[in-house]
Amino acid sequence: MKVGVVGTGGMGNAHARQYHKMSEVELGYYERNLGRGETFRQNWGAHLCNSIEELLDWADVIDVCLPTDAHPEFAHRVIEAGKPLFLEKPIARTVDAAQAIVDAAKAANVPLMIGHVVRYFPEFALARQMVQSGSVGKPAAIRTRRGGPAPTGSSGWFMDHSRSGGVLLDLAIHDFDWLQWTFGDVKFLYSRSVGATTGHGPDYALTTLTFESGAVAHVEATWMDPGGFRTYFDIAGSEGLLEFDSKKTPALKTVTTESSSYEPSLAPFDDPYFLELSAFLASVQTGSPVPITGEDGLVALKIALAALESAKTGKVVTL
Ligand SMILES: NC(=O)c1ccc[n+]([C@@H]2O[C@H](COP(=O)([O-])OP(=O)(O)OC[C@H]3O[C@@H](n4cnc5c(N)ncnc54)[C@H](O)[C@@H]3O)[C@@H](O)[C@H]2O)c1
């Protein structure tokens, strides 16, 4: 299968690392930054395409790893060409743009999957399973925390919130998606964020969600933690508590004079990004529905944008 990656920055490389493990995948790419593209070609032995048109001619499926505000333009190009589309989260920067992508994919009968990869992180997947099988009884209170240092990205686009949506749209959306998937629809929310007033730069946000079920969650997201990337959740219910802290799970730490990093604690084929992209390709090959749809991406986006609105206005927003 020929997979065409658009954008060879952070996520383009993260995805290529996974495709590289799949013997049936031939990788191609289109990237407007020639230097970054050349490094990608050398690292992954990928086939260079000099334009999106060339990539659409060459590839069987397309994987869009572009800055969020560029998703709509390229998603529509892919859908018009009739190629199955994997699109990184968030689906788009606005509800109208996201809805147009979902509608276009449906009208053209093109498979569309959104990269809400947290559903494939083992602790998050298992916690959902345990909640659904009644392990904690009736869920009452959930806390999540996600974040690390501010992402740089190419040309600093993350720090321009008109492009990235700040920490609520770019980071907390992972938890909004997982929470909605696990605990059902959100009724209303209230959010405070640093970025709501600045509109640029590092950001921190705290959002309180009330679910239709009556459960309450608070979701913390930060780009202001220089201590390294960390995820945390706890779920309290009538029968008990589940807790996870990525900083407390055993992983091999390597430290040099320049940096320190944790070795992955998962086997290569259990990597969440591997599972996510394999699931997409399997759906395309078998014609079965994709596991995370455009509609799922739209629901998560609506929660994140409602949080952004609440953070700006200081008011509770009903969904
Ligand atoms: N699922 C996750 O865990 C996760 C993590 C980080 C980022 N993301 C999402 O992935 C997407 C990409 O983020 P990133 O961190 O890879 O950004 P990035 O800035 O590192 O990479 C974007 C790449 O796209 C290229 N590009 C930009 N505009 C282009 C155009 N018009 N034509 C061709 N190439 C173009 C840039 O040169 C750059 O190489 C974003 O939507 C982001 O929210 C997801």
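Since the model is a prediction, treat every value here as computed from it, not as a measurement.

(A) Quick peek at the overall build of the protein. Each helix and strand in the protein was counted, giving 11 helices and 15 strands. Relative to the globule expectation of 20 Å for 319 residues, the C-alpha radius of gyration of the protein, 19 Å, shows essentially globular dimensions. Taken along the three principal axes of its C-alpha coordinates, the protein extends 55 × 50 × 40 Å. In the protein, which comprises 319 residues, the proportion classed as buried is 42%.

(B) Summary view of the nonpolar core. Ranked by size, the top nonpolar core spans 83 residues in total, and within it Val6, Val64, Leu85, Leu168, Ala172, Ala304 and Ala307 carry the most contacts. Looking at which domains feed residues into this core, each of domain 1 (2–115) and domain 2 (118–265 + 294–318) gives three or more. Excluding its chain neighbours within four sequence positions, the residues that come into contact with Leu85 are Ile62, Val64, Ala75, Val78, Ile79, Ala105, Val110 and Leu112.

(C) Focus on helix H4 (residues 71–80). Among the residues of H4, those classed as buried are His71, Pro72, Phe74, Ala75, Val78 and Ile79. At its buried positions, H4 is contacted by strand E1 (2–6), helix H3 (52–58), strand E4 (61–64), strand E5 (85–87) and helix H5 (95–108). Residue Gly82 follows H4 closely and has a positive phi angle near 75°.

(D) A look at the packing of helix H8 (residues 166–183) against helix H11 (residues 294–313). It is the contact of H8 with H11, at a shortest axis distance of 8 Å, that shows an interaxial angle of 125°. Classified by the angle their axes make, H8 and H11 are oblique. Relative to H11, H8 is oriented so that their crossing is right-handed. Across the interface between the two elements, Leu168, Leu169, Ala172, Ile173, Phe176, Asp177 and Gln180 of H8 pack against Asp296, Val299, Ala300, Ile303, Ala304, Ala307, Leu308 and Ala311 of H11. When the residues that make up the contact of H8 with H11 are grouped by side-chain class, the tally is 12 nonpolar, 1 polar and 2 charged.

(E) Looking closely at the domain arrangement of the protein. With domains assigned, the protein is organised as domain 1 (2–115) and domain 2 (118–265 + 294–318). The C-alpha centroid of domain 2 is placed 25 Å from the C-alpha centroid of domain 1. Contacts between the two partners involve 19 residues from domain 1 and, on the opposite side, 17 residues from domain 2. Elements that contribute at least two residues to the side of domain 1 that touches domain 2 include exactly H5 and strand E6 (112–114). It is H5 that provides the largest number of residues to the side of domain 1 that touches domain 2, a total of 6 residues. Residues belonging to the side of domain 1 that touches domain 2 are distributed by class as follows: 11 nonpolar, 5 polar and 3 charged.

(F) Spatial organisation of unusual backbone geometry. In this chain, Lys89 is followed by Pro90 through a cis amide linkage whose omega measures -15°. The topology assignment puts Pro90 in the loop between E5 and H5. Phi is positive for Asn109, which is not a glycine, with a value near 55°. Note on placement: Asn109 falls in the loop between H5 and E6. Note on Asn109: 8 C-beta atoms within 10 Å, which makes it exposed.

(G) How the structure looks around the pairing of strand E11 (residues 230–237). In terms of strand pairing, strand E7 (residues 139–147) meets E11 through 8 bridges, oriented antiparallel. When the sheet's bridge partners are listed, Arg146 is paired in E11 with Thr231. Sheet topology places E11 next to strand E12 (residues 240–245); 6 bridges connect them, and they run antiparallel. Looking at E12, one finds that Ala236 is bridged to Leu241. Where E11 folds back on E12, the antiparallel hairpin that results is connected by 2 residues.

(H) Expanded view of the sheet that holds E7. Here we have 7 strands laid out as an open sheet, ordered E12-E11-E7-E10-E9-E8-E15, and mixed in their pairing. Whereas interior strands pair on both sides, the edge strands pair on one side only; in this sheet they are E12 and strand E15 (317–318). Inspection of the sheet shows strand E8 (residues 186–193) paired to strand E9 (residues 204–211) by 7 bridges, in the antiparallel sense. Within the sheet, the bridge partner assigned to Phe188 lies in E9 and is Thr210. Contacts from helix H6 (residues 122–132) reach E7, E11 and E12 within the one sheet, and its direction differs from that of E12 by about 175°.

(I) A look at the environment of Phe158. Secondary-structure assignment places Phe158 in the loop between E7 and helix H7 (161–164). When the 26 C-beta atoms within 10 Å are taken as the criterion, Phe158 is described as buried. When the C-alpha atoms of Phe158 and Thr68 are compared, they prove to be 9.0 Å apart, with 90 residues separating the residues in sequence. The residues touching Phe158, leaving out its near neighbours within four places in the chain, are Ala150, Pro151, Gly153, Ser164 and Asp170.

(J) Representation of H11. Look at H11: 28 Å from first C-alpha to last across 20 residues, which is about the 28 Å you get at 1.5 Å a residue. Judged by how many residues are buried, H11 sits mostly within the fold: 14 of 20 residues are covered. Once H11 finishes, Gly314 follows within two positions and takes phi at roughly 75°, a positive value.

What counts, and where the lines are drawn
- Residues numbered from 1 in each chain as written.
- Predicted model: local features only at pLDDT ≥ 70, side-chain atom pairs only at ≥ 80, totals over all residues.
- Helix = DSSP H or I, 4+ residues; strand = E, 2+ residues; numbered from the N terminus.
- Rg over C-alpha atoms; globule rule 2.2 N^0.38 Å.
- Buried ≥ 20, exposed ≤ 12 C-beta atoms within 10 Å, placed from the backbone.
- Core = buried A, V, L, I, M, F, W, Y, C linked by C-beta atoms within 7 Å.
- Domains from an automatic or database assignment.
- Contact = placed C-beta atoms within 7 Å.
- Axes fitted to C-alpha atoms, helices over the stretch in contact; angles between N-to-C directions.
- Parallel < 35°, antiparallel > 145°, perpendicular 65-115°, else oblique.
- Left-handed = near helix turned anticlockwise from the far one by under 90°.
- Nonpolar A, V, L, I, M, F, W, Y, C, P; charged D, E, K, R; others polar.
- Pairing = 2+ DSSP bridges.
- Expected span 1.5 Å × (residues − 1).

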